[in-house]
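Here are the chains, one letter per residue:
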Amino acid sequence: MLSIKNLYFNYPNSKPVLQSIDLDFKVGNIYGLFGKNGEGKSTLMKLMSGLLFPTHGFCSINGKNMALRSVSGLQHIFLVPEDFELPALQIAIFEQINSSFYPNFSKDRFYGLIDEFQLSTKDKISKLSFGQKKKVLIAFGIATNTPLLLMDEPTNGLDIPSKSQFRKVMAAAVDEGKCVVISTHQVRDLHSLINHVTILDNAKVVFDHPLEVVSDKLWFGRPSTSDADAGIYSETSFGGKTIIERQDRDESEMDLELLFNGVLHASPKIKNIFQNTNHEA
Amino acid sequence: MKHRFSGTSVFQFIRRDLILHKATLVTGLLVALVLLFLFCWLNMLWDQQLATSEFFGIFGLFYVPLGILFTFSLTKEFNNPKANHLFLVLPVSVFERLCAQWITTTVLYTAVFSILALAVGTLAIIMGIITFRADFNLLSLFSAPYWKVVQLYFIIQPVFLVGALTYSKNRIGKTALALGILFLALLFFNFILYALFNHGYGIFKGESLGSDAFDLASADFSLLGKWFYGLVFGPLMLVVAYLKMAEKEV
């Protein structure tokens, strides 16, 4: 669906933000795009949606270069940015003036989600909190029914009940014909939602694997004394949780935060384990 | 598909722009029409009449600046880093966006403002007849002064559209400054050309060189100059506006 080939990007007069990025996003998956602050997650989202143009390489959706911002390309994609302003209109009017550009837009879906988010169609967007505005945009993005939905830090600004509501809504929104990419540095928020992890570090993709492969290759938990030396990465702060190569151990519960930290701190060891694994979900 | 053109998309985009900027447009129109009424009405205080040329002189004072302000207002979303993502990722081609914004800020705006201004002008004449015993004059859009003002607006509006798309802060001031510098440069260029080609004929007296230069350069448009400024300059600026839109990054 969305393919990124040999992509480089830097803002004018600054160091490279992204280097040699090769990624493929396929339908039926929810990708978690993780990275520390300033690692280029938002930039990559903007490049994927055609809001920025690569310095080198390209990003295409079904073969259409996103930097050209063609109508057919844009009809396949919707971006929920991290920080945004919406016009001072009623929610219903906001929907009316923007939905007509998306051929598969579902009004029922939009108004259903607005109701689920406990908002009213007569609410004026300018009077809503940032979290509520984010819910309006998330509802609109889901209702566009674009095959690719990009969300940049979607849980920022949402309160705790809203975060679990978001996970519920997203889980229901994704079907076989859709692909969702969620960029965040709040790894725990998306633990139960994603099925593919992509991690950026030092302007490069350092990890890109489906969760089922991760479960197959790695074991997360407190090691027995005999495994003490086999640990790839461990954290004393969470009761000594460790990542170990799984081998013949039983499947463990995935700890995304531990995986993220492990990838950043023990990258060569983890890379070695995944060396012969193809990037397929 | 990058260059797709769909009338439906253009119509939907015009509708979107008008709804988004309804409050600004209505307020601007009301202020301009009230001022237009007062200017027209008070104009009849001196000579008890409002000639067609006088009316369209006053009309131009409001029609052109309001149109320019409306152009800047309409492109505000384009340059707002927190709002332009929604604008730029809408599945509408650059050509459709440009057509929609041009139609809204020129054709639609001119039609609406002209009809309302004509009604306000007629009302001012009626008020003038009642209060100042002014002469009746039937104002009409089918008059040369009206089309001159409209022509001027259609030529300069694309320049301001380019300015509105280019600058993100102090947009009106920067565009006016750029236009002023461009005008002075053209004036100087015209004068140099005129001087080069005509100096041998002894047309410069010496003592009034400065005023001669201004008069000649601003009044003496050649056929080529008229053709360029009247027909090519506006569309050329629209091409620049198209490229500005296509190359926009957030």
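As the structure is a prediction and not an experimental result, all values here were calculated from the model.

What follows deals with the sheet that holds strand 2 (residues 18-25) of chain A. Residue and element names in this part refer to chain A. Taking strand neighbours across the sheet as the criterion, the 4 strands line up as 2-1-4-5 in an open arrangement whose pairing is antiparallel. For this open sheet the edge positions go to strand 2 and strand 5 (64-65), each flanked by a neighbour on one side alone. One ladder, built from 2 bridges, connects strand 4 (residues 56-61) with strand 5; its direction is antiparallel. Bridge pairing in strand 5 places Ser60 opposite Asn65. Contacts between helix 1 (residues 41-48) and the sheet are confined to strand 1 (2-9), strand 2 and strand 4, with strand 1 contributing the most and set at about 125° to the helix.

Residue and element names in this part refer to chain A. Two elements, strand 1 and strand 2, share 5 bridges in a ladder whose sense is antiparallel. What sits directly across from Leu7, in strand 2, is Ile21. Pairing between strand 1 and strand 4: 5 bridges, direction antiparallel. Opposite Leu2, over in strand 4, you have Ile61 as the bridge partner.

The next point concerns the interface of chain B and chain A. At the junction of the two partners, chain B supplies 20 residues and chain A supplies 24 residues. Breaking the side of chain B that touches chain A down by element, the ones donating at least two residues are helix 1 (7-20) and helix 5 (84-88) of chain B. In terms of residue count, the dominant contributor to the side of chain B that touches chain A is helix 1 of chain B (5 residues). In the side of chain B that touches chain A, the residues fall into 10 nonpolar, 4 polar and 6 charged.

Let us look at the nonpolar core. In terms of nonpolar packing, the biggest core is built from 93 residues, with Ala139, Leu150, Val180 and Ile182 of chain A touching the most fellow members. When residues in this core are grouped by element, the largest group, 7 residues, is from helix 5 (residues 130-143) of chain A. Leaving out residues up to four positions away in the same chain, Ala139 of chain A has contacts with Phe110, Leu113, Ile114 and Phe117 of chain A. In this structure, Trp41, Met44, Val120 and Tyr146 of chain B belong to the second largest nonpolar core, which totals 27 residues.

Turning our eyes to something else, we now look at helix 3 (residues 91-99) of chain A. Residue and element names in this part refer to chain A. Considered for burial, the residues of helix 3 that qualify are Ile91, Phe94, Glu95 and Asn98. The buried residues of helix 3 all sit within an arc of 100° when viewed along its axis, so they share a single face. Where helix 3 is buried, its residues touch helix 4 (107-116) and helix 5.

Thresholds, definitions, all that
- Residues numbered from 1 in each chain as written.
- Chains lettered and ligands numbered in written order.
- Predicted model: local features only at pLDDT ≥ 70, side-chain atom pairs only at ≥ 80, totals over all residues.
- Pairing = 2+ DSSP bridges.
- Helix = DSSP H or I, 4+ residues; strand = E, 2+ residues; numbered from the N terminus.
- Contact = placed C-beta atoms within 7 Å.
- Axes fitted to C-alpha atoms, helices over the stretch in contact; angles between N-to-C directions.
- Nonpolar A, V, L, I, M, F, W, Y, C, P; charged D, E, K, R; others polar.
- Core = buried A, V, L, I, M, F, W, Y, C linked by C-beta atoms within 7 Å.
- Buried ≥ 20, exposed ≤ 12 C-beta atoms within 10 Å, placed from the backbone.
- Arc of directions from axis to C-beta.

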